[in-house]
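For reference, the chains in residue letters:
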Amino acid sequence: MGESTARRRGQRKVGVVVGRSGAKTTKVRVERFIQHPVYKRFVRRSTTYLIHDENEACGVGDKVEIVECRPLSARKRWRLKTIITKGV
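No experiment lies behind these values; they were computed from the predicted model shown.

**Here's the deal with the pairing of strand β3 (residues 42–52)**
Here comes step 1: Summarising the sheet, strand β2 (residues 25–35) and β3 pair through 11 bridges and their orientation is antiparallel. Across the sheet, Phe33 pairs through a bridge with Arg44, a residue of β3.
Here comes step 2: Turn length for the β2-β3 hairpin, with the two strands adjacent in sequence and antiparallel, is 6 residues, and the turn residue Lys40 shows positive phi of about 60°.
Here comes step 3: Looking at chain direction, β3 and strand β5 (residues 76–85) are connected through 3 bridges and run parallel. Each residue of the ladder has a partner; that of His52, found in β5, is Arg79.

Put into structure tokens, the structure is as follows:
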């Protein structure tokens, strides 16, 4: 049967809230730095995730930690874990 009764841990990421997308849904941008393969310079790349915010506690500009979860809708696969800092 493979795994025990404990659930597997999903990935965790830290990002900034960039918008509200509907009831209990928030849009979060996660940035990362990668080294350019030819020029060897570090460039910034970002990905936007739709997250589930049960209590609608996030506001635009908040720094949040998100955790991977089961699919909640067609594009939502992440859930809000904590709000690290509040935005302005």
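**Describing the sheet that holds strand β1 (residues 12–22)**
Here comes step 1: Read around the closed barrel, the 5 strands follow the order β1-β2-β3-β5-β4; overall the barrel is mixed. Neighbour-to-neighbour, the strand axes of the sheet open up by a mean angle of 50°, direction not taken into account.

**Some thoughts on the nonpolar core**
Here comes step 1: Of all hydrophobic cores here, the largest spans 10 residues; its members are Val17, Val28, Val30, Tyr49, Ile51, Cys58, Val64, Ile66, Trp78 and Leu80.
Here comes step 2: Looking at this core, the elements with two or more residues in it are β2, β3, β4 (63–68) and β5.
Here comes step 3: Setting aside anything within four residues of it in sequence, one finds Val64 in contact with Lys13, Val14, Gly15, Val17, Val28, Cys58, Leu80, Thr82, Ile83 and Ile84.

Thresholds, definitions, all that
- Residues numbered from 1 in each chain as written.
- Predicted model: local features only at pLDDT ≥ 70, side-chain atom pairs only at ≥ 80, totals over all residues.
- Heavy atoms only, no water.
- Pairing = 2+ DSSP bridges.
- Helix = DSSP H or I, 4+ residues; strand = E, 2+ residues; numbered from the N terminus.
- Axes fitted to C-alpha atoms, helices over the stretch in contact; angles between N-to-C directions.
- Core = buried A, V, L, I, M, F, W, Y, C linked by side-chain atoms within 4.5 Å.
- Buried < 20%, exposed > 50% of the residue type's maximum accessible area, 1.4 Å probe, protein only.
- Contact = heavy atoms within 4.5 Å.

From the geometry alone we can't say anything about function, so treat these as descriptive.
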